[in-house]
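# Descriptive analysis of the structure
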Amino acid sequence: MIDLADVELTLPSSAGPVHILRGLTLSVDTGQSVSVVGPSGSGKSSMMMIVAGLERASAGRVAVGGQDLGGLSEDNLARFRRETLGIVFQDFHLVPTMTALENVAIPLELAGRDDAFDRAGDSLRSVGLGHRLQHYPGQLSGGEQQRTALARAVAAAPKLILADEPTGNLDGDTGGQVIDLLFDLRARHGSTLLLITHDQSLASRCERTVNLRDGLIVPEANAGPVAPIALAHPAQ
Ligand SMILES: Nc1ncnc2c1ncn2[C@@H]1O[C@H](COP(=O)(O)OP(=O)(O)O)[C@@H](O)[C@H]1O
Ligand SMILES: [Mg+2]
């Protein structure tokens, strides 16, 4: 589902170029759940932006869902995102002037679905927000806002869910509920999951954990070369 090969990301800054990703190689199988951990500034969000096609790699190859993102035009990248991805951010990224229902429905409508509002309602009900459809983000609790963002992310049954510190702005209990929901939705849709988190217990709920440090993946923890493969395919 995800194939990164020797990916580099270098961005300009006032102090000169910053080498954010320095030759990152990662493969994630379809249906796998993978957590990405690492200190602040290690490049986790940058890696996610590259997988999402929101940032272009400076070097290396990026293939997601069988598409070589480096070869796609901006229009085709936008289509790739609409058709393949659901993204959840730490700070929800809801549009404050739109109701919960509109936040979920408008992207579906833009993707050309004529059942956008019905589908959005169903998706919000599936995260327990059937009674909040007409509420604006400012009228929702943090947990409800993130559940709205989850409903938006999965409304089109994406093949891949990307989540960047989805519980970072929530208290422990609320965060736990959001994560339970995220895993539940992923199971229901059979989506591949890439979950960025600095919470080890949360990371361990994924089949596999990838460690990032200074823009590079460090060999997977507590494991020789064989164990990550075993972890990636638990007994079925
Ligand atoms: N637009 C940018 N321009 C220059 N440097 C950036 C930019 N975005 C992020 N960085 C730097 O890249 C590094 C990795 O950032 P990030 O991917 O956000 O890390 P993480 O998500 O692991 O905390 C940090 O040192 C950050 O300051
Ligand atoms: Mg980050």
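What counts and how
Residues numbered from 1 in each chain as written. Chains lettered and ligands numbered in written order. Predicted model: local features only at pLDDT ≥ 70, side-chain atom pairs only at ≥ 80, totals over all residues. Helix = DSSP H or I, 4+ residues; strand = E, 2+ residues; numbered from the N terminus. Rg over C-alpha atoms; globule rule 2.2 N^0.38 Å. Buried ≥ 20, exposed ≤ 12 C-beta atoms within 10 Å, placed from the backbone. Contact = placed C-beta atoms within 7 Å. Pairing = 2+ DSSP bridges. Core = buried A, V, L, I, M, F, W, Y, C linked by C-beta atoms within 7 Å. Right-handed = clockwise from strand over helix to strand, strands pointing away. pLDDT = per-residue confidence, 0-100. Near = placed C-beta within 6 Å. Nonpolar A, V, L, I, M, F, W, Y, C, P; charged D, E, K, R; others polar. Axes fitted to C-alpha atoms, helices over the stretch in contact; angles between N-to-C directions.

Turning next to the overall build of the chain. Within the chain, the secondary structure is distributed over 8 helices and 10 strands. The C-alpha radius of gyration of the chain comes to 18 Å, within 12% of the 18 Å expected for a compact globule of 236 residues. In terms of overall dimensions, the chain has a C-alpha envelope of 50 × 40 × 35 Å along the principal axes. Scored against the burial criterion, the 236 residues of the chain give a buried share of 42%. Contacts in the chain between residues at least 24 apart in sequence constitute 68% of all its contacts with a sequence separation of at least 6.

Here the focus is the sheet that holds strand 4 (residues 59–64). Sheet strands pair by backbone hydrogen bonding; their relative direction is either parallel or antiparallel. The strand order across the open sheet formed by 4 strands is 2-1-4-5, and the pairing between neighbours is antiparallel. In the strand order of this sheet, the two ends are held by strand 2 (18–28) and strand 5 (67–68), each with one partner. As paired strands, strand 1 (residues 2–11) and strand 4 are joined by 5 bridges and run antiparallel to one another. Of the residues in strand 4, the one forming a bridge with D3 is A63.

Attention now moves to the nonpolar core. Residues V36, V51, L150, L162 and L194 are the most contacted members of the largest nonpolar core, which totals 63 residues. Leaving out residues up to four positions away in the same chain, L194 has contacts with I2, V28, V34, V36, M48, V51 and L162.

Burial within strand 8 (residues 192–196) is extensive, with 5 of its 5 residues counted as buried. Note that strand 7 (residues 160–164) and strand 8 share 5 bridges and pair parallel. Within strand 8, the position partnered with I161 by the bridge is L193. In the classification by handedness, the crossover that spans strand 7, the intervening helix 6 (residues 172–189) and the parallel strand 8 is right-handed.

Looking now at unusual backbone geometry. One non-glycine residue, F92, lies in positive phi territory at about 70°. Looking at the secondary structure, you find F92 in the loop between strand 6 (85–88) and helix 3 (100–110). Classification of F92 by C-beta neighbours within 10 Å gives buried; the count is 21. In this model, A157 sits at a positive phi of 45°, which is unusual for a non-glycine residue. Examined against the element boundaries, A157 turns out to sit in the loop between helix 5 (142–154) and strand 7.

Time to look at the confidence of the model for the chain. Confidence along the chain averages 91 in pLDDT terms, with 93% of residues attaining 70 or more. Ignoring residues within four places in sequence, the model shows residues 223–227, a span with pLDDT below 50, making 1 contact including any to other chains.

A few words on the site of ligand 1. Neighbouring ligand 1 are the residues L11, S13, V18, I20, G38, S40, G41, S42, G43, K44, S45 and S46. Elements that contribute at least two residues to the shell around ligand 1 include exactly strand 2 and helix 1 (44–51). In terms of residues, the shell around ligand 1 owes the most to one element, helix 1, which gives 3 residues. Here the residues of the shell around ligand 1 are counted per class, giving 3 nonpolar, 8 polar and 1 charged.

Moving on: the sheet that holds strand 8. Reading across the sheet, the 6 strands line up as 6-7-8-3-9-10 and stay open at both edges, with mixed pairing between neighbours. Unpaired on one side and paired on the other, strand 6 and strand 10 (216–218) mark the two borders of the sheet. With direction set aside, neighbouring strand axes in the sheet form an average angle of 25°. Set on the sheet, helix 5 makes contact with strand 6 and strand 7; between it and strand 6 the angle comes to about 170°.

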